[in-house]
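Overview (structure and organization)
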Amino acid sequence: MSVLASEWLKIRSVRSSHLTVSISLGGILLGLGLAWMAVDMYDHATPAQKPGARLAELEEVVLMVPQLCMGVLGVLAMTSEYATGFIRTTLTAVPKRWPVMAGKSVVVGAIALFTGSAVIFATYFVCRALIGDRFGGLYQIPFTDKLPLLTALALTVPVFALLGVGLGSILRTTSGSIVVLVGAVYVVPIIVGNLPQPWSDLLGSVMIGALPHEITRDTTTNTVYGSLLPPVAAAAVLVTYALLPLLAGTWLLCRRDV
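Report follows, based on the coordinates. (Residues numbered from 1 in each chain as written. Predicted model: local features only at pLDDT ≥ 70, side-chain atom pairs only at ≥ 80, totals over all residues. Heavy atoms only, no water.)

1. Considerations on the overall build of the protein chain
Scanning the protein chain from terminus to terminus reveals twelve helices and zero strands. Each helix and strand of the protein chain, placed in order from N terminus to C terminus, yields the pattern α-α-α-α-α-α-α-α-α-α-α-α. Its C-alpha atoms give the protein chain principal-axis dimensions of roughly 70 × 40 × 30 Å. Buried positions account for 44% of the 258 residues belonging to the protein chain. (Helix = DSSP H or I, 4+ residues; strand = E, 2+ residues; numbered from the N terminus. Buried < 20%, exposed > 50% of the residue type's maximum accessible area, 1.4 Å probe, protein only.)

In structure tokens form, the structure reads like this:
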């Protein structure tokens, strides 16, 4: 509990934490703006155009905002201590070292879970209220039917945060960790999507963007990724994205000099 309290104090005491959380919650405003534009375009369309009008689910569009911001928060939670030299004080107070990673992971993961859930569910309800029965009733699907997918989408945000903590511990540099985070999660899927079949579907099925739909077996929307994994396997892959870097980072923290 003392380690958790100290990690919470460190995170809430720096401006970057407040900034990343604020930008993440700004995803709700982005969703509101996109929904408003979509409604305006639909209402000004001709009667012949309206039946064929389609819209992406906006909560999935804005999801990248909290994902990236919380990933950066996870990176900074680790690398900022190396940049300032405060890591020596931390490890003097907690000589076993692994509780430091555990404490950071719990605090950062909890912040990311709250932020991600707020953005996803608030965006969904805002879009449901504004869009109504437009775009073929996209937002008329009962909320209980959408709840599993919305929950799975929200859970990807703490996965990004924990991935950031792990990368920060492995690389110990802010810029390098963020580059790897962005490249692994946003650049690699673009490359995979342009591969020939069946590699595109095979590798696309293990991308983070594909996992919420695979976990919930949601088929109400199309996905640019593959959809070959069963729910249990998809959930295991999602956990691996967070757990593997954390384990590697913890092992290196315990063995390397600071």
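2. Overview of the pattern of salt bridges
Any two side chains of opposite charge can pair, given that their charged atoms come close. Within the structure shown, the criterion is met by six salt bridges. Residues E7 and K104 are paired through a salt bridge, measuring 2.9 Å at the closest nitrogen-oxygen approach. With E7 in helix α1 (residues 2–12) and K104 in helix α6 (residues 98–131), the pair connects residues that are 97 residues apart, well separated along the chain. In this structure, E7 and K104 share a single accessibility class: buried. Put simply, D43 and R134 hold a salt bridge, and the shortest N to O gap is 3.0 Å. (Salt bridge = Lys/Arg side-chain N within 4 Å of Asp/Glu carboxyl O.)

3. Digging into the layout of surface pockets
Considering only enclosed or pocket space, the second largest pocket measures out at about 240 Å³ in volume. K10, V14, L76, S80 and E81 are the residues nearest the centre of the second largest pocket, which is lined by 15 residues in total. Secondary-structure elements contributing two or more residues to the lining of the second largest pocket are α1, α2 (15–43) and α4 (64–84). For the lining of the second largest pocket, the leading source of residues is α4, giving six residues. (1 Å grid on protein atoms, 1.4 Å probe; cavity = no way out; pocket = protein on both sides within 12 Å on 5 of 7 lines; lining within 4 Å. Points joined across faces, edges and corners; volume = space filled by probe spheres on them.)

4. Description of the nonpolar core
If you look at the biggest cluster of nonpolar residues, it comprises 55 residues, and the most contacted ones within it are M70, I120, I131, F135 and Y139. Those elements giving two or more residues to this core turn out to be α1, α2, α4, α5 (86–93), α6, α8 (143–171), α9 (174–193) and α12 (231–255). Per-element accounting of this core gives the leading share, twelve residues, to α8. Setting aside chain neighbours within four positions, we find Y139 in contact with E57, L58, E59, Y124, C127, R128, I131 and G132. (Core = buried A, V, L, I, M, F, W, Y, C linked by side-chain atoms within 4.5 Å. Contact = heavy atoms within 4.5 Å.)

5. Focus: the side chain of S205
Take S205: it is sitting in the loop between α10 (199–204) and α11 (211–216). Overall, the relative accessible area of 2% leaves S205 in the buried class. Looking at S205, its side chain comes within polar contact range of the main-chain nitrogen of L228, at 3.1 Å. Sequence-distant contacts of S205, that is, excluding residues within four places in its chain, are made with A210, L211, E214, G226, S227, L228 and L229. (Polar contact = N/O pair within 3.5 Å; in protein donor to acceptor, adjacent residues only side chain to side chain.)

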